[in-house]
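Close look at the chain arrangement
These are the residues of each chain, in order.
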Amino acid sequence: MEVILLSAAGLVVLLLALFGAFCCVRRIFFRKRPLSLRPAETEGQMARKDKPESAALIPGDAAPAARPDAADGENARPPSGLRQRPISAESLPPGSPLSRFAIVAAIALALLIPLLLVQNLVDERASLYRNVVQDISRTWGGQQQLTGPMLLIPYTERQITRRRGPGKEATGGGNQGDETITESHWALGHFVLLPTRVDFSGGMVPQERRRGIYRSLVYTADLHLAGRFTLPPDDALKRAAPALESVNYAGAYVVMGLSYPNALRTVGPLVWNKAELNAEPGIQPFSKLKNGFRIPVRLSPEIREYTFSQHLVFNGSSGIRFTPVGGVTKITLDSPWPHPSFQGDILPVSREVTDQGFKAAWEIPSLARSYPNLGTLKSWPENFTAFAAGVELYEAATHYHLIERSVKYGILFIGFTFLAFIIFELGLRARLHPVQYGLVGLAMVVFYLVLLSLSEHFSFLPSYAAASACTVLMIALYVGAALRNVREGVGVGVLLTALYTLLYAILQMEDYALLMGTALVLVMLGALMMVSRNLAFERM
């Protein structure tokens, strides 16, 4: 609402500034002059008005002789019946408006070169900023994805192989040829069992980390997970591994995947059926995950239900995601960050976002994913972690992105400012030198450089206010001095103030930026068309 009010106020100021310029130009340049003589005027009065001031009579001088054609009323009047005041050549500057438009357009196009240089500098600084943020993420912790817990149960199966080999020698030394040889051996495998239910609950505390002049948003997550495993019956194990011979319940592992395990700050013991078990590094033999840790557990075929719980504290940046491995996966998160961006394949079933933060909850059934609750490690899908749900701590567009967007409006602002200057010139019968146009354009380009320099040390709003105030004041004083007209300098200052106010509103309105930018173009173009509508082609 504040941004909408700000943009509306800027639009009103812009309209008032353009209307004031229109009224000023109309009064000065498009003022109607008397086109015909008043009926009461006599030919003698006409003759006296036609005489230049230098030809006025001096007392004592003789009166000039009457013109021979003074009595001819028809010859004394202009053929058109109109009497116009002659305009001396000194009252109009040399050149035509058409040539002025061409020169100013060429200057505006030439200013694209410094604009592109500023754009390249913005891209370079933004790239350096991204590298610093990536380096901070590498040391603090990047976007974390939590996968698990999953239960790995070793088993032994009989594998039968067949190959071609030489046959038995026949009587008399003959060879009956090759025959199929069948061999059997024991092979070790692992069942992958997912929990019947798993609940994640906790919060994310956002923090800011600085390196030099650069800042990066990071967080610390404090999570508590709990759930239960249910051992499958023997026939379910047989379906997953048809050649099953035996199951080693004593050699099972609980595996937990974490994208950046180096960011772990606290790993509480795994409470497994009320017994506390410590974690160890590595996720072997579960090669489908890249990083994480595991906890050895002991199972018994007589006990079918196993409950678990664990407390984890880890660092991260950007956001957090969860792989829904449970038969039912429930996730509850809260954070004081007021700008969440919910990502992943599943959106939260409930969420509450306020200025004090957000709360969100997910409840994901196993039918939403494409992999089973029970399988074998050798047949487990490689990219099963692609299906995930989570949230990112969304940052409004960085100041580099805002400056990049503002530079795109640079040539538009320069062009319309130059057009307004041309209209002022036509009204005041005075002209700016092309060098002065170039200096004004360079001042508008330097605005983006000043904004970039200040925004790296201060927040965007005061940086923008300082850069725009410096530019507006400098251009207004310069134009007022060049045109030798204080009122026009003030008018230029008001016009530029309205332009930069609208630009700030457009930069803040991410969803309506295109709409506001298009409206700005239409309003400015329509106002300039209204002001210049009386320009005749004969003056070109």
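Predicted model only: the values in this text are computed from it and were never measured. (Residues numbered from 1 in each chain as written. Predicted model: local features only at pLDDT ≥ 70, side-chain atom pairs only at ≥ 80, totals over all residues. Heavy atoms only, no water.)

**As for the overall build of the protein**
Spelled out, the test is: By the criteria applied, helices consist of DSSP H or I runs no shorter than four residues and strands consist of E runs no shorter than two, each listed in order from the N terminus. Per-residue and other accessible areas were derived by the Shrake-Rupley procedure at a 1.4 Å probe size, with only the shown protein chains allowed to occlude residues.
Tallying secondary structure elements over the protein gives twelve helices and 19 strands in all. Accessible surface computed for the protein: about 29,500 Å², of which carbon and sulfur atoms make up 59%.

**Quick word on the pattern of salt bridges**
Rules: Salt bridge, as used here: a side-chain nitrogen of Lys or Arg that lies within 4 Å of a carboxyl oxygen of Asp or Glu. Burial here depends on accessible area, computed with a 1.4 Å probe over protein chains only, as a share of the maximum for the residue type. Under 20% is buried, over 50% is exposed, and the range in between is partly exposed.
Enumeration according to the criterion identifies ten salt bridges in this entry. With a shortest N-O distance of 3.3 Å, Asp 199 and Arg 197 are connected by a salt bridge. Across the salt bridge formed by Glu 305 and Arg 228, the nearest N and O atoms sit 3.8 Å from each other. One end of the pair, Glu 305, is in strand S12 (residues 305-317); the other, Arg 228, is in strand S4 (residues 214-230), and 77 residues separate them in sequence. Residue Glu 305 is classed as partly exposed on the basis of its relative accessible area of 41%. Ionic contacts of the salt-bridge type, sharing partners, join the residues Asp 135, Arg 138 and Arg 211 into one network.

**What to know about the packing of aromatic side chains**
The following threshold applies: Between 30 and 60 degrees the pair is tilted, below 30 it is stacked and above 60 it is edge-to-face, where a pair is any two Phe, Tyr or Trp rings, Trp via its six-membered ring, whose centres lie within 6.5 Å. Should the NZ of a Lys or the CZ of an Arg lie within 6 Å of a ring centre and within 35 degrees of the ring normal, that charge is described as sitting over the ring.
For the structure shown, the criterion picks out 22 aromatic pairs. Ring centres of Tyr 371 and Phe 384 lie 5.5 Å apart, and the angle between their planes is 85°; on these two criteria the pair is classed as edge-to-face. With Tyr 371 in the loop between strand S17 (357-365) and strand S18 (374-376) and Phe 384 in the loop between S18 and strand S19 (389-393), the pair connects residues that are 13 residues apart, well separated along the chain. Like Tyr 371, the residue Phe 384 is buried in the burial classification. Consider the rings of Phe 447 and Tyr 448, whose centres lie 5.0 Å apart with planes at 70°: the pair is edge-to-face. Exposure remark for Tyr 448: the relative accessible area of 2% places this residue in the buried category. Taken together, Phe 413, Phe 447, Tyr 448, Phe 460, Tyr 464, Tyr 500 and Tyr 504 form an aromatic cluster joined through their ring pairs. It is Arg 158 that lies over the ring of Trp 186; its NZ or CZ is 4.2 Å from the centre.

**Description of the packing of helix H5 (residues 112-140) against helix H9 (residues 434-455)**
The cut-off we apply is this: Only the stretch in contact is used when a helix axis is fitted, and all axes are lines through C-alpha atoms; the angle between N-to-C directions ranges over 0 to 180 degrees. What sets the label is the angle itself: under 35 degrees gives roughly parallel, over 145 gives roughly antiparallel, 65 to 115 gives roughly perpendicular, and the rest give oblique. The contact rule is simple, with two residues in contact once any of their heavy atoms fall within 4.5 Å. Under the convention adopted here, Pro, Cys and the residues Ala, Val, Leu, Ile, Met, Phe, Trp and Tyr are nonpolar, Asp, Glu, Lys and Arg are charged, and Gly plus all remaining residues are polar.
One way to put it is that H5 packs onto H9 with a least axis distance of 10 Å and a crossing angle of 5°. Between H5 and H9, the angle is such that the two are roughly parallel. Of the residues in H9, those touching H5 at Pro 114, Leu 115, Val 118, Leu 121, Val 122 and Arg 125 are Leu 442, Val 445, Tyr 448, Leu 449 and Leu 452. Of the residues assigned to the contact of H5 with H9, the class counts are ten nonpolar, no polar and one charged.

**Here we look at the confidence of the model for the protein**
The following threshold applies: Predictor confidence is given residue by residue as pLDDT, running from a minimum of 0 to a maximum of 100.
Of all residues in the protein, 76% have pLDDT values of 70 or greater, and the mean over the chain is 80. A low-confidence stretch, residues 1-7 stays under pLDDT 50, and its non-local contacts, those more than four residues away or across chains, total ten contacts. When the criterion is pLDDT under 50, residues 28-94 qualifies, and its contacts beyond four places in sequence or with other chains add up to 40 contacts.

**Some remarks on the side chain of Thr 417**
Rule in force here: Each polar contact in these results corresponds to two N or O atoms within 3.5 Å; when the atoms are within protein, one needs to be able to donate a hydrogen and the other to accept it, and residues that are neighboring in sequence are counted only if both atoms are side-chain atoms.
Note on placement: Thr 417 falls in helix H8 (residues 410-428). Within the local environment of Thr 417, its side chain forms a polar contact with the backbone oxygen of Phe 413, the two atoms lying 2.6 Å apart. When residues no more than four places from it in sequence are discounted, the contact partners of Thr 417 are Met 444, Leu 496 and Leu 499.

**A word on the nonpolar core**
For the record, the criterion: Here, nonpolar core means buried Ala, Val, Leu, Ile, Met, Phe, Trp, Tyr and Cys residues that are tied together by side-chain atoms lying within 4.5 Å of each other.
Core analysis: the largest hydrophobic core is formed by 56 residues, its most contacted members being Phe 418, Phe 421, Tyr 464 and Ile 475. In contact with Phe 421, other than residues within four places in its own chain, are Leu 432, Tyr 437, Val 440, Ile 475, Val 479 and Val 492.

**Brief notes about the pairing of strand S11 (residues 292-297)**
Let me state the cut-off plainly: At least two bridges found by DSSP between two strands is the condition for calling them paired.
Among the six residues that make up S11, five are buried, leaving the element largely enclosed by the rest of the structure. Note: strand S10 (residues 280-281) against S11, two bridges, orientation antiparallel. The residue of S11 that forms the bridge with Glu 280 is Arg 294.

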